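Observations on the three-dimensional arrangement
Residue strings, one per chain:
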Amino acid sequence: MIEKFIVSRDDKVYQAWPDMAADADGSLVCVFTECVHHSDRTGSRLMTTISRDGGETWSKKRPLTEKTDGASFWNNARISLLEDGKLYIVCDKANYSEDEAGEIYLFESVDGGETWSDAKKLPCFGIVPSKLTELKYGVNKGRRIIMAHSHDENDLYTVRSWYSDDKGQSWTGPVTVACSKEYKLCEAAPVELKNGVLAVFLRENSSSGLDAFKTFSYDGGVSFQGLFTAPLPGCHRPVADYVDEKTVMITYRFMQGGKGWLGHWTQNVFAAFMSDEDVAEKERRHQSSRIMPLDYDRSPVSDLGYTGFAKLKDGRIYVVNYIVDDAPKAHIRGYRFSEKDVILK
């Protein structure tokens with residue numbers, strides 16, 4: 001049975017686009033954005049909250065940033081625990097055009113998310129950055145990678161990446177991850193497979209309900225090869241990582257396509273499970289996915305599906321998601337489940 005929890009709810013503001021990481025001591029740290037509405041980012045700011053009991057209760061939310069003045073806005077924060085024991089938040093400060101003017105900032109915490117450094121501007125650009133990813137295998141172990149996307153005046157989408165071999169002191173890039181005249185590729189979700197291959201899941205943004213796309217790097221993010229589909233229909237804003245030795249979980253908004261916006265195709269959030277062998281596979285017909293409904297938004301102005309997750313010390317999985325449902329505004333909800341909730345042995 002999937003357990004559900006309130007991570008943060010404040011009916012005076014719109015709370016959305018969360019991410020989460022587990023600290024070394026097992027605490028869960030969640031970051032999300034506050035604003036007026038999905039379509040009105042006035043007064044946006046980043047907030048954090050911490051759970052020390054496996055996500056059952058959460059601390060009072062705390063501001064990470066000041067509110068923006070409306071010219072630009074804090075958009076989509078991502079949080080990672082890296083090998084140096086620090087937590088890192090990356091977030092884009094975007095404008096309404098979603099072009100290359102989006103700036104990306106970094107925050108660091110050495111005390112499990114209790115306090116954070118001032119924002120540091122990275123030499124990267126775009127919107128909706130990936131998690132700051134640190135490679136764990138092969139000759140590029142320790143390399144840090146970040147990705148973001150933008151689109152130009154011709155509506156051509158490009159996903160780019162930057163990498164650092166000195167723990168973020170300097171960066172190389174941009175490297176083109178994916179760019180297609182046929183598809184609107186964005187919102188990259190990199191996951192390093194245990195054979196050292198870097199797989200990147202991608203959202204397709206034509207509102208056609210298409211599969212998730214993916215591409216691969218075999219040299220630690222220096223270059224990327226091919227464009228392939230995964231059996232994840234209607235996949236918006238994927239997040240991918242291992243949840244056991246051989247299984248990768250991908251959480252995402254299901255976007256069925258067709259007309260409309262909020263309330264029309266933003267009702268469902270899914271969790272999919274693929275073996276790492278299937279993630280590495282290029283042909284769709286040779287891949288398998290097990291897709292589990294995670295939540296359904298009953299609101300007539302439903303809005304949900306940007307997620308983050310972590311594995312708890314007891315082996316259970318915890319996911320954060322934003323949703324409207326029975327509240328007047330979007331709020332942050334948590335989900336906790338175990339393997340038996342996904343498949344019976």
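For the structure itself, consult the block above.
These numbers come from a predicted model, not from an experiment.

**As for the pattern of salt bridges**
One pass over the structure, following the stated rule, counts 30 salt bridges. Residue E114 pairs with R52 through a salt bridge whose shortest N-O separation is 2.3 Å. Placement of the pair is E114 in the loop between β9 (103-109) and β10 (120-125) and R52 in the loop between β4 (45-51) and β5 (62-63), with a sequence separation of 62 residues. Judged by relative accessible area, which is 52%, R52 ranks as exposed. With a shortest N-O distance of 3.5 Å, R144 and E134 are connected by a salt bridge. Highlighted residues: R144 in strand β12 (residues 144-151) and E134 in strand β11 (residues 133-134), separated in sequence by ten residues.

**Considerations on unusual backbone geometry**
A cis geometry characterises the amide bond from G173 onward to P174, with omega recorded as 10 degrees. Locating P174 in the fold gives a position in strand β14 (residues 172-179). Within the chain, E187 stands out as a residue other than glycine whose phi angle is a positive 50 degrees. With respect to the helices and strands, the residue E187 is situated in strand β15 (residues 185-192). The buried category is assigned to E187, whose relative accessible area is 4%.

**Re the sheet that holds strand β17 (residues 213-217)**
Pairing is antiparallel across the open sheet formed by four strands, whose spatial order is β15-β16-β17-β18. Two strands lie at the open edges of the sheet, namely β15 and β18 (225-229), each paired on one side alone. Strand-to-strand twist in this sheet, taken as the mean axis angle between neighbours without regard to direction, amounts to 25 degrees. In this structure, β17 lies alongside β18, joined through three bridges in antiparallel fashion. Residue F216 lies in a different strand from β18, and its bridge partner there is Q225.

**What about the packing of aromatic side chains?**
This structure, assessed with the given rule, holds twelve aromatic pairs. Arranged with centres 5.5 Å apart and planes meeting at 70 degrees, the rings of W74 and Y105 form a pair that is edge-to-face. Here W74 is found in strand β6 (residues 73-74), whereas its partner Y105 is found in strand β9, with 31 residues between them in sequence. For the pair W74 and Y105, a shared accessibility class is recorded, and that class is buried. Ring geometry for Y252 and F270: centres 5.9 Å apart, planes at 85 degrees, overall edge-to-face. Taken as a pair, Y252 in strand β20 (residues 247-254) and F270 in strand β21 (residues 268-275) lie far apart in primary sequence, 18 residues in all. F270 carries the same exposure label as Y252, and that label is buried. Through pairs of rings, three or more aromatic residues link up here, namely F5, W58 and Y318.

**A closer look at the side chain of K61**
Position of K61 among the secondary structure elements: in the loop between β4 and β5. Among the polar contacts listed, one links the side chain of K61 to the side chain of D10, at a separation of 2.8 Å. Ignoring any residue separated from it by four or fewer positions in sequence, one finds K61 in contact with S8, D10, V13, Q15, F32, E34, M47, T48 and T49.

**Observations concerning the sheet that holds β5**
As summarised here, the arrangement of the four strands in space is β2-β3-β4-β5, forming an open sheet in which the pairing is antiparallel. Two strands close off the open sheet at either side, each with one partner strand: β2 (14-22) and β5.

**Let's talk about the pairing of β4**
Within a regular strand, the side chains alternate between the two sheet faces. Of all seven residues that make up β4, six are buried, and the element is covered over most of its length. Of the strand pairs in this sheet, strand β3 (residues 28-35) and β4 are connected by seven bridges, and their pairing is antiparallel. By the bridge assignment, E34 is partnered in β4 with R45. Alignment of β4 against β5, held across two bridges, turns out to be antiparallel. Counted as the bridge partner of T48 is R62 from β5.

Conventions adopted
Residues numbered from 1 in each chain as written. Predicted model: local features only at pLDDT ≥ 70, side-chain atom pairs only at ≥ 80, totals over all residues. Heavy atoms only, no water. Salt bridge = Lys/Arg side-chain N within 4 Å of Asp/Glu carboxyl O. Helix = DSSP H or I, 4+ residues; strand = E, 2+ residues; numbered from the N terminus. Buried < 20%, exposed > 50% of the residue type's maximum accessible area, 1.4 Å probe, protein only. Pairing = 2+ DSSP bridges. Axes fitted to C-alpha atoms, helices over the stretch in contact; angles between N-to-C directions. Phe/Tyr/Trp six-rings, centres within 6.5 Å; stacked < 30°, edge-to-face > 60°. Polar contact = N/O pair within 3.5 Å; in protein donor to acceptor, adjacent residues only side chain to side chain. Contact = heavy atoms within 4.5 Å.

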